[in-house]
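# Survey of secondary and tertiary structure
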Amino acid sequence: MTARNIGLTAGKIALGLAVSFVIAIILMIPAFVILAFLNGGDAEQLLVSSDELNPINIVFGIVQATAFILGTLLMYKFFEKKAGWPLGWKDPSPARHFVVGSAAGIVLITASFLIIMAQGGVDVAGVNPFGKIAGHFGSCLVLFAFVAVSEELFSRGYVYGLIKHHFSSNWAIAGSSLVFAGLHSMNPGMFEQPFPFINLIVVGVLFALSRELTGGLWAPIGLHFTWNLFQGNVYGFAVSGTKGPSLIELDVQTGLTAGGTFGAEGSYVTTLILMIAVIGIYRLGYKKKK
């Protein structure tokens, strides 16, 4: 490990973020114009910041995710493809790993929900008929699919692969997890308490271990996708600080158990669940592979 390699790696990660940001701005302009036109020319409403996962934020979220995908692919093509390290698309069993990752995401967030509720962090205030939220559910399904692909492609594809190529798997797991947590720095409620940042690092480690163990991105993509979808649209938590309509309506209590405005990812219960998952995948899979 040399200072030159550290600086080069950090510089490429920063450049990847900058490129993605520029692409996002370019894509946001036509998206903004189209939304303003559909909104009857009322552009001012589109500029109002909201923590609610409304249709406008869903569209902007998809645009931002698309920019991250394009930015990452451009960085890999122009700077890394000749180096020969894999970005993670070529998974030996993509369908199986995606299904297993998706099932794991459902199990983990369900466990968090049930224990948080048992500890008094939330109460079920009601259940919405699916027909009432079907449109929003479908929109979020698309959004969270884009989010899972974009964040995993950048964090567990580009960042992880770049660090592993220059250093080692362990450094790649740690570094990509810190970058992943940093990507959420501007999310509502991120620093109201310590657990959101801690949990994002821990779940980043879980995603990275699944990337290393399976040899591709499809397991962490599946895990990421269902974790967000079920957390927000089924169980009624905010997803990394952003709340929208859900199948279950929650009465969220104050305190560290419920996770505050950040959602289940801000709860110490989720910390314990994720740490158990990390230890499990490390002992049963990653350690044996090493």
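In short, a report on the structure. (Residues numbered from 1 in each chain as written. Predicted model: local features only at pLDDT ≥ 70, side-chain atom pairs only at ≥ 80, totals over all residues. Heavy atoms only, no water.)

Attention now goes to the packing of aromatic side chains. Under the counting rule described, the total for this entry stands at 12 aromatic pairs. Ring geometry for Phe68 against Phe154: centres 5.3 Å apart, planes inclined by 85 degrees, an arrangement best described as edge-to-face. Placement of the pair is Phe68 in helix α2 (residues 55-80) and Phe154 in helix α4 (residues 130-166), with a sequence separation of 86 residues. Classification of Phe154 by relative accessible area gives buried; the value is 1%. Between Phe154 and Tyr158, the aromatic rings sit 6.4 Å apart at their centres with planes inclined by 25 degrees, giving stacked as the arrangement. Here Tyr158 and Phe154 lie together in helix α4, a separation of 4 residues that amounts to about one turn. Three or more aromatic residues link up through ring pairs in this structure, and these residues are Phe68, Tyr76, Trp85, Phe154 and Tyr158. A cation over a ring is seen here: Arg156 above Phe180, with NZ or CZ 4.3 Å from the ring centre. (Phe/Tyr/Trp six-rings, centres within 6.5 Å; stacked < 30°, edge-to-face > 60°. Helix = DSSP H or I, 4+ residues; strand = E, 2+ residues; numbered from the N terminus. Buried < 20%, exposed > 50% of the residue type's maximum accessible area, 1.4 Å probe, protein only. Lys NZ or Arg CZ within 6 Å of the ring centre and 35° of its normal.)

Within the element layout of this structure, Ala10 appears in helix α1 (residues 3-38). Through-space distance from the C-alpha of Ala10 to that of Pro92 is 29 Å; in sequence the pair is 82 residues apart.

If you walk through the whole model with that rule in mind, you get 1 cavity of 30 Å³ or more. Put simply, the largest cavity is a space of about 40 Å³. Around the largest cavity, the lining residues are Leu53, His136, Cys140, Phe144, Gly232, Asn233, Phe237, Val239, Thr242, Lys243, Gly244 and Pro245. Residue assignment for the lining of the largest cavity shows that the elements contributing at least two residues are α4 and α7 (218-234). For the lining of the largest cavity, the element with the highest residue contribution is α4, accounting for 3 residues. A class-by-class count of the residues in the lining of the largest cavity yields 6 nonpolar, 5 polar and 1 charged. (1 Å grid on protein atoms, 1.4 Å probe; cavity = no way out; pocket = protein on both sides within 12 Å on 5 of 7 lines; lining within 4 Å. Points joined across faces, edges and corners; volume = space filled by probe spheres on them. Nonpolar A, V, L, I, M, F, W, Y, C, P; charged D, E, K, R; others polar.)

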